[in-house]
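# Observations on the three-dimensional arrangement
Here is what each chain is made of, one letter per residue.
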Amino acid sequence: MRNVQTADEAGAAVPPPSEGFQAWAQAWRERVDAALQAHFESVGTGLGQHSRLPEAIQYSLRIGGKRLRPMLVLESCVVCGGDWQRALPAALAIEMVHTFSLIHDDLPAMDDDDLRRGQPTNHKVYGEALAVLAGDFLMTHAISCLTRSEADAHVIGTLVRDLTCGTEHMILGQGADIEGEGRPVDADRVRYIHAHKTSALIETACRLGALCASADARQLEQLADYGRHLGLAFQITDDLLDETGTEQNLGKRVHKDANVAKQTYPAAFGLDASRQAARVEIDAAVAALEMFGARAARLRDLARFVVTRDR
Ligand code: IPE
Ligand code: IPE
Ligand code: MG
Ligand code: MG
Ligand code: MG
């Protein structure tokens with residue numbers, strides 16, 4: 001994950017992440033990837049027979065991704081004084097939901113994309129029917145992962161409630177995004193889309209981590225606030241990168257949004273105002289971390305990464 005946006009492009013207000021951030025992020029990614037692999041090895045033939053569905057289910061998870069949401073679960077848990085291993089089931093669960101959302105997002109009936117995470121999209125490899133089913137399975141399996149975690153029943157109930165709520169918001173946002181295509185740009189709709197299709201799940205990631213650490217109400221509230229603002233900045237940047245980024249860095253096609261007249265931040269407000277809006281959200285995200293002091297240094301770095309990233 002490199003950061004190449006210059007101070008002129010990004011504005012001096014957001015410095016790049018501090019030294020050691022890349023190694024820190026890579027270490028979390030490796031833990032998440034190892035846990036995903038161990039999980040699917042342990043599930044084994046439980047994924048079924050007589051079709052390529054087990055392969056399709058694992059394909060989009062295996063081909064990579066930044067693992068931003070599981071990283072947020074694990075780091076939020078640590079920041080609240082918890083043991084990250086206890087948050088692993090929630091970290092895997094949210095990556096499964098996110099990957100389900102990407103598989104369906106890429107379908108011909110939605111964004112009709114053929115490249116994701118630098119590889120052919122799920123339906124290009126396995127066909128539309130299996131891609132739909134792989135997404136359905138990952139969504140459901142995410143919940144079963146949570147229910148099988150070692151947390152106590154009350155905590156599991158709260159985790160499931162939060163994850164399903166975040167997922168419902170994501171799906172509602174996707175509905176507003178799809179039905180917004182080709183219509184005159186509407187700033188209110190853009191804000192709704194961003195808050196729902198992306199920010200809700202990123203907020204949920206922070207909440208899940210805090211809950212796994214038995215955080216108090218104020219810690220939970222502040223981390224949720226951080227995640228909400230971070231999620232808005234993340235989607236504004238995703239919209240910007242569709243216009244200004246490269247296929248090679250992003251691992252997905254670019255210039256897709258304008259082609260189908262998507263309701264994006266740059267379409268509604270222009271590139272400069274969008275960059276400014278992303279900076280405002282990042283400042284708000286960082287401000288929400290104040291009570292955690294130095295312990296939240298990496299979450300601050302992650303916020304800076306989100307708006308200075310090129311991938
Ligand atoms: C892409 O998310 C979809 C959006 C919500 C914008 P990411 O950019 O986090 O995708 P991966 O997980 O790194 O592939
Ligand atoms: C998708 O937003 C957000 C999801 C819930 C998957 P986009 O359609 O902009 O995501 P990309 O650009 O295809 O990754
Ligand atoms: Mg989309
Ligand atoms: Mg898309
Ligand atoms: Mg996009």
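Here is what the cut-offs are and how they apply
Sequence order as written defines residue numbering, which begins from 1 separately in each chain. Working convention: letters from A go to chains and numbers from 1 go to ligands, in the order in which they are written. The predicted origin of the model limits local features to residues at a pLDDT of at least 70 and limits the giving and counting of side-chain atom pairs to 80 or more, whereas totals for whole chains, interfaces and linings rest on all residues. For side-chain calculations, the full set of non-hydrogen atoms in the structure is used, while hydrogens and water are omitted. Coordinating N, O and S atoms are those within 2.8 Å of the metal (3.2 Å for Na, K and Ca), and as water is not part of the atoms, a site may appear to have fewer donors than expected. Using a 1.4 Å probe on the protein chains alone, a residue whose accessible area is under 20% of its type maximum counts as buried, one over 50% counts as exposed, and one in between counts as partly exposed. Starting at the N terminus, helices and strands are each numbered in turn, a helix being any DSSP run of H or I of at least four residues and a strand any DSSP run of E of at least two. His is not counted, nor are the chain ends, whereas Lys and Arg count as positive and Asp and Glu as negative. When a carboxyl oxygen of Asp or Glu is within 4 Å of a side-chain nitrogen of Lys or Arg, the pair counts as a salt bridge. Think of a polar contact as two N or O atoms within 3.5 Å of one another; within protein, one of them needs to be a possible hydrogen donor and the other a possible acceptor, and neighboring residues in sequence only count if both atoms come from side chains. In this analysis, two residues are considered to be in contact whenever any of their non-hydrogen atoms come within 4.5 Å of each other. For every residue, the predictor states its confidence as a pLDDT score lying anywhere from 0 to 100. We define proximity as follows: a residue is near a molecule or strand when any one of its heavy atoms falls within 4 Å of that partner. Using a grid of 1 Å spacing that covers the protein atoms alone, one calls a set of points a cavity when a 1.4 Å probe fits there but cannot get out, and a pocket when the set is open and has protein on both sides within 12 Å along at least five of seven lines; lining residues are those with an atom within 4 Å of a point. To qualify as sitting in a cavity or pocket, a molecule needs more than half of its atoms within 2 Å of the grid points. Amino acid classes used here: Ala, Val, Leu, Ile, Met, Phe, Trp, Tyr, Cys and Pro are nonpolar; Asp, Glu, Lys and Arg are charged; the rest, including Gly, are polar. The rule is short: rings of Phe, Tyr and Trp, with Trp giving its six-membered ring, pair when the centres are within 6.5 Å, and they are stacked under 30 degrees, edge-to-face over 60, tilted in between. Definition used: whenever NZ (Lys) or CZ (Arg) falls within 6 Å of the ring centre and also within 35 degrees of the ring normal, the charge is taken to sit over that ring.

## Notes on the coordination of the magnesium ion (ligand 4)
The magnesium ion (ligand 4) binds to the protein through Asp-105 (OD) and Asp-111 (OD), with metal-donor distances spanning 2.1 Å. Between the magnesium ion (ligand 4) and the magnesium ion (ligand 3) the interatomic distance amounts to 3.1 Å, and Asp-105 serves as a bridging ligand to the pair. Asp-105 sits in the buried class, given a relative accessible area of 13%.

## Comments concerning the side chain of Arg-189
Tracing the backbone shows Arg-189 in helix H9 (residues 187-212). Salt bridges are absent for the buried Arg-189, whose nearest opposite-charge side chain, Asp-186, sits at 5.0 Å. Within the structure, the side chain of Arg-189 is placed 2.8 Å from the backbone oxygen of Ala-176, a separation counted as a polar contact. Apart from residues no more than four positions distant in its own chain, Arg-189 is found in contact with Ala-176, Glu-179, Gly-180, Arg-183 and Gln-263.

## Things to note about the pattern of salt bridges
The tally for this structure, following the rule as stated, stands at 22 salt bridges. Salt-bridge contacts for Lys-256 lead to Asp-113; the nearest nitrogen and oxygen are separated by 3.2 Å. Of the two residues, Lys-256 sits in the loop between helix H11 (247-250) and helix H12 (265-269) while Asp-113 sits in the loop between helix H5 (84-105) and strand S1 (115-116), which places them 143 residues apart along the sequence. Residue Asp-162 pairs with Arg-161 through a salt bridge whose shortest N-O separation is 3.2 Å. A residue is classified by how much of its surface remains accessible, and Asp-162, at 6% relative accessible area, is buried. Judged by relative accessible area, which is 51%, Arg-161 ranks as exposed. One network of salt bridges, with partners in common, ties together Asp-111, Asp-177, Glu-181, Lys-197 and Lys-262.

## Digging into the confidence of the model for the protein
With 96% of its residues at a pLDDT of at least 70, the protein reaches an overall mean of 95. In the model, residues 1-11 has pLDDT below 50 throughout and makes 29 contacts with residues more than four positions away in sequence or in other chains.

## Re the site of ligand 1
Residues in close proximity to ligand 1 include Gly-65, Lys-66, Arg-69, His-98, Leu-102, Arg-117, Thr-198, Phe-234, Gln-235 and Asp-238, which together make up its full environment. Lys-66 places a side-chain nitrogen or oxygen 2.6 Å from an oxygen atom of ligand 1. In the model, an oxygen atom of ligand 1 is placed 2.8 Å from a nitrogen or oxygen of the His-98 side chain. In this structure the site holding ligand 1 corresponds to the largest pocket. Of the residues that constitute the shell around ligand 1, the class distribution is 2 nonpolar, 4 polar and 4 charged.

## Considerations on the packing of aromatic side chains
In this structure the tally under the stated criterion is 5 aromatic pairs. Consider the rings of Tyr-265 and Phe-269, whose centres lie 4.6 Å apart with planes at 40°: the pair is tilted. With Tyr-265 and Phe-269 both in helix H12 and 4 residues apart, this pair spans about one turn of that helix. Take Phe-269: its relative accessible area is 28%, and that puts it in the partly exposed class. Ring pairs connect the aromatic residues Phe-21, Trp-24 and Phe-305, which therefore count as one cluster. Positioned above the aromatic ring of Trp-84, the side-chain terminus of Arg-31 is 4.7 Å from the ring centre. Arg-69 extends its terminal NZ or CZ atom over the ring of Phe-234, reaching a point 5.3 Å from the ring centre.

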